[in-house]
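Chain residues, written in single-letter form:
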Amino acid sequence: MPTITIDGKSIEVEKGTTLLAAAQKLGIYIPRYCYHPKLSISGNCRMCLVEVEKAPKLLTACSTEAAEGMVVRTTSDKVKAARRDVLEYLLINHPLDCPICDQAGECGLQDYYMDYSLARSRFSMADKVRREKRRPIGPNLVLDNERCILCTRCVRFCSEVTKTSELEVMNRGDHSYIDLKEGKALDNGYSLNIADICPVGAFTSRDFRFKQRVWFLKRTKTVCLGCATGCLVEAHHNENVIYRLVPDPNPETNTWLCDHGRLTYKALQAGDRLKKGVIKNGLIELEPALREAATRIDEARGAVAVMGSPWLSIEDNAALARLARDSVKTGDYCFDFNFEQGIKDGILINKDQAPNTAGVRPVKAAYGGISMGELAGRIASGKIKLLLTEARAAALLKDALKDSGTRVVVFAANRGEIPAGAYATLPYAAYFETPGTFINYQGLRRRTTPPVAAPEGVKPLWDVVNKLASYSGASLGLDSGDDALKGISF
Amino acid sequence: MISVKKVNNKPLNLLERIYLYEIARGIAVTTRHFFANLFNPKGLPTIQYPEQPVPLYGNARFRSRHRLKVRSDGSPKCVACFMCQTACPAYCIHIEAAEYQENSVEKYPAVFNIDLARCVMCGMCVEACPEDAIAMDTEEIPGGAADRTEFLMTKESLLRNRPGEPSLKGAANRLANEYLGSRGEQ
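Just so you know, these numbers come straight off a predicted model, no measurement behind them.

Each value, and the rule that gives it
Each chain carries its own residue numbering, running from 1 in the direction its sequence is written. Throughout, the order in which chains and ligands are written sets their labels, letters from A for the former and numbers from 1 for the latter. The predicted origin of the model limits local features to residues at a pLDDT of at least 70 and limits the giving and counting of side-chain atom pairs to 80 or more, whereas totals for whole chains, interfaces and linings rest on all residues. In this text, helices come from DSSP runs of H or I with a minimum length of four residues, and strands from runs of E with a minimum of two, each type numbered from the N-terminal end. Any residue whose C-beta has 12 or fewer other C-beta atoms within 10 Å is treated as exposed, any with 20 or more as buried, and any in between as partly exposed, C-beta atoms being built from the backbone. Two residues qualify as being in contact provided that their C-beta atoms, derived from the backbone, are within 7 Å of each other. Just to be clear, the radius of gyration here is over C-alpha atoms, and the globule rule we use is 2.2 Å times residues to the power 0.38. When DSSP finds two or more bridges between a pair of strands, those strands are recorded as paired. Segment limits for the domains were obtained from an automatic or database-derived domain assignment. The residue classification treats Ala, Val, Leu, Ile, Met, Phe, Trp, Tyr, Cys and Pro as nonpolar and Asp, Glu, Lys and Arg as charged. All others, Gly included, are polar.

A.B. asks: Got a sec to walk through the overall build of chain A? Specific residues and values, please.
C.D. replies: Of regular secondary structure, chain A possesses 15 helices and 22 strands. Here the C-alpha coordinates of chain A stretch approximately 85 × 50 × 40 Å along the principal axes. Relative to its 490 residues, chain A shows a buried fraction of 48%. Counting only contacts in chain A whose residues sit at least 6 apart along the sequence, the fraction spanning at least 24 positions is 63%.

Right under this line is the structure:
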């Protein structure tokens, strides 16, 4: 366990800890471009140079391991001069694209220039090395080689994290540039992480491109609900519109975020987002739709089944269970979902596409209910006249529902989710619009924070259920999501 | 000490005290001006603003209504970098960016609105512009309007160069100059 001194502060660190990591522990920030905590160390950007006593030259903090008695200085004149000069080198060939560059505002070059350089360029525009400008590379990224500072984070990400090795540094010296290897396409399911880790604007997201300047964006920490992994994310939004999701790195679940998860926010802004109820195929106002659904439920009393959904939060599932037990008064409700869980590709994507399979279990423990097989059997045998469930869960019973004559009333956030032949559809506030509790495949409880508000009139599912019950003459007394959680232990 | 000024008001004389004489004198003044203006309206000092614009003095460099400068191929110099929108203290600028597929400048404003009803004419947008694309030198002072929508300047109404404006190239924008050069524009 070597003890080292950085800027006069001593710290004892594990053997093998780098100076950069040790400094980070002391709260001393060392600038870096090529270093990334989850990638191998490359040491090519030279931005993290620090002065180590008795060392003849400055050393890169990211690749120098702490040794007993090292005395490190990160703010000496020599280090400051080194940082300024390294930045000057990096900026020699950098085009002044900031006005049209999406990275502006969160750009490593801009930030470090303000912090460590502020020097005027000594090189004329005409002498800059020219490279290929914007070029779509893969389905999600745009590459601008001119902006690249060759830190190779993208190359290392592709070879170490996704292990697909699409990118490589081509050519040598002044002529080097990042490019795809021959015959490869940058379409691994994690390509958008490259736009995040790129410290400059060389890789930018095609989806986010020119949509919004980053300094206008507000940040809300929430959870990605694209699959059972339940990665922590940060939603970047402005004026009630989400513009992008980026990972919120945490040791439990994720450092990265898959492309599928990043684009889940698009369902909110999709053209088929439901703001009104649907009866058969026609849109009607929410109130009449609710009344119609309640009437049909009352009509079919005694032959109504309710099914929860692994796509809904615990609150919403519990509200559905309350509806089945206290308002519809049926025993035919099902909160039994057993999907195989586990990381499918060795990185993040889960075998289970539903975000809350584990979260439905406590609801089942509290309310009981029949198994999915039993429910399917009863539907197929024609005993069930009406099934109330969430749209994607209804699709699980597709085979049983076929030719059974069962009326299906579903809750859906997007029109595309509605299963064929559904009788009525009630809209509800989706993941990013209402708080909800989810349990991921590791058993970690995750509460979402809504970055945006639901469209006018659209309520969370537990509220819709509460109203549905009151139209049938029962009171569930659900005034908040927490009311629904009462009696459930998890 | 409060200083007190004694005012020595003259007492009114008889004609003034009987009131009607002074009234008639006053009406005579009003009537004289009425007929003078009726038969000689050009002598009126009143300006029918905003229908009648006021010429600005000599080489005055007031901040007047905005305009967006145009490149020699007719495209706006603006690259939708949002600097003016960010700098604007009155939140009167609204931009929506879009992408040129062919033009190597890449970015342009699909929507560029300035709400003159909110604008405080501070000129921060001009200061902030890195492309020298916005200017406040039209020498038009935004006037009154019957409707708020009349104050909304859109990209179409903002885009114009001043007559005889030299060097219509993309100024600081290397990509724009190259693009225009490749098309043989001056």
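Don't stop here, the text continues.
A.B. asks: Mind laying out the overall build of chain B, listing which residues take part and the relevant values?
C.D. replies: Along the backbone of chain B there are six helices and five strands. Ordered by position in the sequence, the α and β elements of chain B form the string α-α-β-α-β-β-α-β-β-α-α. The C-alpha radius of gyration of chain B comes to 27 Å, more than 25% above the 16 Å expected for a compact globule of 186 residues. With respect to the principal axes defined by its C-alpha atoms, chain B has extents near 90 × 55 × 30 Å. Relative to its full complement of 186 residues, chain B shows a buried share of 21%. In chain B, the share of contacts with a sequence separation of at least 24, taken over all contacts with a separation of at least 6, comes to 72%.

A.B. asks: Which residues make up the sheet that holds strand β5 (residues 152-153) of chain B, and what values do they have?
C.D. replies: Residues and elements named next belong to chain B. Pairing within the open sheet is antiparallel, and its three strands lie in the order β2-β3-β5. Since the sheet does not close on itself, it has two edges, and those belong to β2 (93-99) and β5, each with one partner. Here β2 pairs with strand β3 (residues 107-115) via seven bridges, running antiparallel. Its bridge partner lying in β3, I93 is registered against I114.

A.B. asks: Outline the domain arrangement of chain B, listing residues and values.
C.D. replies: One can read the domain layout of chain B as domain 1 (13-46) and domain 2 (67-162). Distance from the C-alpha centre of domain 1 of chain B to the C-alpha centre of domain 2 of chain B: 51 Å.

A.B. asks: Tell me about the pairing of strand β16 (residues 304-307) of chain A, residues and numbers included.
C.D. replies: Two faces belong to every sheet, and in a regular strand the side chains alternate between them. Residues and elements named next belong to chain A. Alternating positions in β16 separate into two faces, V304 and V306 on one and A305 and M307 on the other, with burial throughout. Taken together, the three bridges between β16 and strand β18 (residues 386-390) define a ladder with parallel strand orientation. In the sheet register, V304 faces β18, and the bridge partner there is L386. Bridge count between β16 and strand β17 (residues 333-334): two bridges; the pairing is parallel.

A.B. asks: Describe the interface of chain B and chain A, naming the residues involved and giving the relevant values.
C.D. replies: Frequently, the measure chosen for interface size is the accessible area removed from exposure when the parts meet. Residue-level contacts link 13 residues of chain B with nine residues of chain A. Considering every element that reaches the side of chain B that touches chain A, the biggest residue donor is β2 of chain B, with three residues. Of the residues assigned to the side of chain B that touches chain A, the class counts are six nonpolar, two polar and five charged.

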